[in-house]
Amino acid sequence: MQDRPYAPELLQAVAQFLRERVLPATEGALAYQVRVAANALGIAQREAEQGASAQAREAEGLRALLGAETPADLQAANRLLCERIAAGAMDLATPGLLAHLQATTAAKLAIDQPGYSDEP
C-alpha cells in the first residue's frame with residue numbers, strides 16, 4: 001500500500017492538468033488526443049475507485065442467478081449466463097435477470113461514461 005497521494009488522486013491530478021493547462025494550449029488533432037488521454041485517465045481513476053465493488057456486486061448477482069454452478073471467474077460466470085440466455089433457459093421473465101443486467105450496465109456506465117444516465 002502506498003501513502004498519499006493514492007492512485008486515483010494521481011490520475012485525477014494528471015487528467016485535470018491535461019484539461020486545464022494543456023488542452024487550452026493545443027488545437028486540432030493534438031487537442032483531440034489530449035482530450036482522449038484525459039478521458040482515459042478519468043476512466044482509470046473511476047475504475048480504481050469503483051471497479052472492485054462493482055465486480056463484487058456483479059459476481060453476487062451472477063451467483064444469485066446461476067446458483068451453485070456459478071464459476072468463480074467473473075468472465076466464465078458471464079459466459080455461462082450468456083449460454084443460458086442463448087439456449088432459452090433464461091429470459092427476461094427469469095426472476096432477477098433484468099435487475100441484474102440493469103445494475104451491471106449502470107455500474108459499467110458509471111465508470112466508463114458518468115452522467116450518461118442523466119442525459120435526456
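One structure accompanies this document, and this report is about it. (Residues numbered from 1 in each chain as written. Predicted model: local features only at pLDDT ≥ 70, side-chain atom pairs only at ≥ 80, totals over all residues. Heavy atoms only, no water.)

Here we look at the side chain of Glu-58
Condition: Segments assigned H or I by DSSP are reported as helices when at least four residues long, segments assigned E as strands when at least two residues long, and all are numbered from the N terminus. Each residue is assigned to one of three classes by its accessible area relative to the maximum for its type, calculated with a 1.4 Å probe on protein chains only: buried under 20%, partly exposed between the two thresholds, exposed over 50%.
Within the element layout of this structure, Glu-58 appears in helix H2 (residues 28–66). Judged by its relative accessible area of 8%, Glu-58 is buried.

Brief notes about the nonpolar core
The condition that has to hold: We call a set of buried residues a nonpolar core when its members are Ala, Val, Leu, Ile, Met, Phe, Trp, Tyr or Cys and they connect through side-chain atoms within 4.5 Å of each other. Should any heavy atoms of two residues lie within 4.5 Å, those residues are considered in contact.
Ranked by size, the top nonpolar core spans eight residues in total: Leu-62, Leu-65, Leu-66, Ala-77, Leu-80, Leu-81, Met-90 and Leu-97. At the level of secondary structure, the elements contributing two or more residues to this core comprise H2 and helix H3 (74–87). The residues contacting Leu-66, other than those within four sequence positions of it, are Ala-77, Leu-80, Leu-81, Arg-84 and Met-90. In this structure, Leu-18, Leu-23, Val-34 and Ala-38 belong to the second largest nonpolar core, which totals five residues.

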